[in-house]
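Breakdown of the fold
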Amino acid sequence: QTQYRELPDATRVAPPIEKTVAPGDKYLPNIVILATGGTIAGSAASSTQAGYTSGQVTIDAMIAAVPDAKKLANIKGEQISNVGSQDMSFDIMLKLANRINELTKSNAADGIVITHGTDTMEETAYFLNLVVKTDKPVVLVGSMRPSTALSADGPLNLYDAIAVAADPEAKGHGVMLVMNDQIHSAQSLVKVSTTAVQTFMSPLRGIIGSSAYGHNEFYRIPHKIYGANSEFSVEGVKTLPRVDIVYACVDMPADLIDASVQRGAKGIVIAGVGNGNMTKAALDACQRAVQKGVVVVRSSRVATGDIGRNVEVDDNKIGTIASYELNPQKSRILLSVALLKQRKPEEIQKLFMEY
Ligand SMILES: NC(=O)CC[C@H](N)C(=O)O
């Protein structure tokens, strides 16, 4: 009979956990769930109403809703925050990253699950993919229906996320998102529906695997640099430099770009039209920003595509950087982390091709 072991409470100075088990016993991995809030922790007064509040249910109650997960792993929950992810902040993201690095460096965790709202999941997932220093599985999970709803999707998503985090085969895939039976890479996933359960897609690269009732299949290793191979670190970092996003449209007011420079942005990401395009006036404003030492990245408001191909804008002439596969919100994350260090524009361009 396998003895389920509780992780010690004081995992902040995590002592190594004994991995010896009786012969014939299955070793159960130690999974730590870091809870941040979101719909998965949301509740409403009735099971059929559309209005609800994110971040109401504690991690202990969420774990209690999936009792079978105890057969997959020794589970311990920690409440990092309890917010709707529209209120996710760099402060909480840095806290998460440091905690993951701490837990995975020691034997306190063989894998990590993070419960998170879906609105800004792309950003937290991609940020963690850049700055966590481990090959152990790190899995984000959320839901589209609150815990009190009819057919709530949270419990099965959480069960599958634990199963992926506990799976030795999941190692080396970087930060993943598990929802709706699918495993996505942090680099490729995007949120495509405001309310549908099947809101996450990886349109450019495809999903990296599937998970159904805890049975996982891995199709491929993500194609970019991440995790232990990433050159980024947020050790000791208290805040990230200001990077603004300016949304392009027909006849856009180019002075938004000048205003951003005046307000002290170190970087600006343009959510361009089409393949990272914008009006001539906006391109001129970008050039002025670059001349003042602000790093300007051209991304796109289009849901999918690669900015580095078939370009109409001469980045070398204007001094701008192409975001390649990254949408504006992920471009902002990469640029914020990249600007923690002094780098030449050509070095930053290379980062956008590699990460
Ligand atoms: N489905 C969700 O998780 C969205 C709820 C909420 N706005 C959040 O992102 O936390």
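Residues numbered from 1 in each chain as written. Predicted model: local features only at pLDDT ≥ 70, side-chain atom pairs only at ≥ 80, totals over all residues. Heavy atoms only, no water.

The chain is annotated in an unreviewed UniProt entry as Type II asparaginase of Paraflavisolibacter caeni. Under the UniProt heading Sequence similarities (unreviewed entry), the entry covering the chain gives this text: "Belongs to the asparaginase 1 family." (UniProt positions renumbered as here; feature names shortened; annotations may be inferred.)

Quick notes on the overall build of the chain
A tally of helices and strands in the chain yields 9 helices and 14 strands. Computed over the C-alpha atoms, the radius of gyration of the chain is 21 Å, within 12% of the 20 Å expected from 2.2 N^0.38 for a compact globule of 355 residues. Dimensions along the principal axes, computed over C-alpha positions, put the chain at roughly 70 × 45 × 35 Å. Sorting the 355 residues of the chain into buried and exposed places 54% on the buried side. Here the analysis covers contacts within the chain between residues at least 6 apart in sequence; of these, 73% occur between residues at least 24 apart. (Helix = DSSP H or I, 4+ residues; strand = E, 2+ residues; numbered from the N terminus. Rg over C-alpha atoms; globule rule 2.2 N^0.38 Å. Buried < 20%, exposed > 50% of the residue type's maximum accessible area, 1.4 Å probe, protein only. Contact = heavy atoms within 4.5 Å.)

Let's talk about the UniProt feature "active site" (unreviewed entry) in the chain
Under the UniProt annotation, the feature "active site" (unreviewed entry) is placed at T39 and T118. These annotated residues cover 80 residues of sequence, and their C-alpha atoms lie no more than 7.6 Å from one another, placing them together at a single site. Positionally, T39 belongs in the loop between β1 (30–37) and α1 (59–64). For T39, a relative accessible area of 7% gives the class buried. Non-local contacts of T39, meaning those with residues more than four positions away in its chain, are made with Y52, S54, G117, S143, M144, R145, P146 and S147. With respect to the helices and strands, the residue T118 is situated in the loop between β3 (111–115) and α3 (121–131). Residue class for T118 comes out buried when judged on its relative accessible area of 5%. When near neighbours in sequence (up to four residues on either side) are disregarded, T118 contacts S85, G142, S143, M144, M179, K191 and F200.

What about unusual backbone geometry?
The phi torsion at S151 lies on the positive side, around 50 degrees, for a residue other than glycine. Mapped onto the elements, S151 comes out in the loop between β4 (138–141) and α4 (154–165). Despite not being glycine, Y213 has its phi angle at roughly 50 degrees, a positive value. Relative to the helices and strands, Y213 resides in the loop between β9 (209–212) and β10 (215–218). A relative accessible area of 59% means that Y213 is categorised as exposed.

Brief notes about the site of the ligand
Near the ligand you find G38, T39, Y52, S54, G84, S85, Q86, G117, T118, D119, S143 and M144, and these make up its full shell. A distance of 2.6 Å separates an oxygen atom of the ligand from a polar atom in the side chain of S85. Partitioned by chemical class, the residues of the shell around the ligand number 2 nonpolar, 9 polar and 1 charged. (Near = heavy atom within 4 Å. Polar contact = N/O pair within 3.5 Å; in protein donor to acceptor, adjacent residues only side chain to side chain. Nonpolar A, V, L, I, M, F, W, Y, C, P; charged D, E, K, R; others polar.)

Topic: the UniProt feature "domain: L-asparaginase N-terminal" (unreviewed entry) in the chain
The feature "domain: L-asparaginase N-terminal" (unreviewed entry), as annotated in UniProt, sits at residues 30–220 in this numbering. For residues 30–220, the end-to-end C-alpha separation is 25 Å, with 24% helix and 25% strand making up the annotated structure.

Some details on the sheet that holds β4
If you walk across this open sheet you meet the 8 strands as β2-β1-β3-β4-β5-β6-β9-β10, and the pairing is mixed. Both outer strands of the open sheet, β2 (74–83) and β10, are each paired with one neighbouring strand and no more. In this sheet, adjacent strand axes meet at a mean angle of 25 degrees when their direction is disregarded. In the sheet, strand β6 (residues 182–185) pairs with β9 via 2 bridges, with the strands oriented antiparallel. Counted as the bridge partner of I183 is G209 from β9. Sitting on the sheet, α4 is in contact with β1, β2, β3, β4, β5 (175–179), β6, β9 and β10, with an inclination near 155 degrees to β3. (Pairing = 2+ DSSP bridges. Axes fitted to C-alpha atoms, helices over the stretch in contact; angles between N-to-C directions.)

Examining the pairing of β5
Successive residues of a regular strand alternate their side chains across the two faces of the sheet. Most of β5 is tucked away, with 5 of its 5 residues classed as buried. Burial of the side chains of β5 extends over both faces: V175, L177 and M179 are buried on one face and M176 and V178 on the other. In this structure, β4 lies alongside β5, joined through 3 bridges in parallel fashion. Bridging from a neighbouring strand, L140 pairs with L177 of β5. Assessed by its sense of winding, the connection that carries the chain from β4 through α4 to β5 is left-handed. Of the strand pairs in this sheet, β5 and β6 are connected by 4 bridges, and their pairing is antiparallel. (Right-handed = clockwise from strand over helix to strand, strands pointing away.)

Remarks on the packing of α3 against helix α8 (residues 328–338)
Where α3 contacts α8, the two axes come as close as 9 Å, and the packing angle between them is 35 degrees. Relative to α8, the crossing made by α3 is right-handed. Contacts from E122, E123, Y126, F127, L130 and V131 of α3 reach α8 at Q329, K330, R332, I333, L334 and V337. By residue class, the composition of the contact of α3 with α8 is 7 nonpolar, 1 polar and 4 charged. (Left-handed = near helix turned anticlockwise from the far one by under 90°.)

Topic: the domain arrangement of the chain
One can read the domain layout of the chain as domain 1 (17–229) and domain 2 (243–354). Taken over C-alpha atoms, the centre of domain 1 sits 31 Å from the centre of domain 2. With 19 residues of domain 1 at the interface, the matching set in domain 2 holds 14 residues. Across the domain 1 to domain 2 interface the summed buried area is about 1500 Å²; carbon plus sulfur atoms make up 59%. Broken down residue by residue, the surface that domain 1 buries against domain 2 is led by E123, Y126 and L204, which jointly contribute 35%. Between E325 and R205 there is a salt bridge, with the nearest N and O atoms lying 2.4 Å from each other. Breaking the side of domain 1 that touches domain 2 down by element, the ones donating at least two residues are α2 (90–105) and α3. Residue composition of the side of domain 1 that touches domain 2, by class: 12 nonpolar, 3 polar and 4 charged. (Domains from an automatic or database assignment. Buried area = accessible area lost by both parts, 1.4 Å probe. Salt bridge = Lys/Arg side-chain N within 4 Å of Asp/Glu carboxyl O.)

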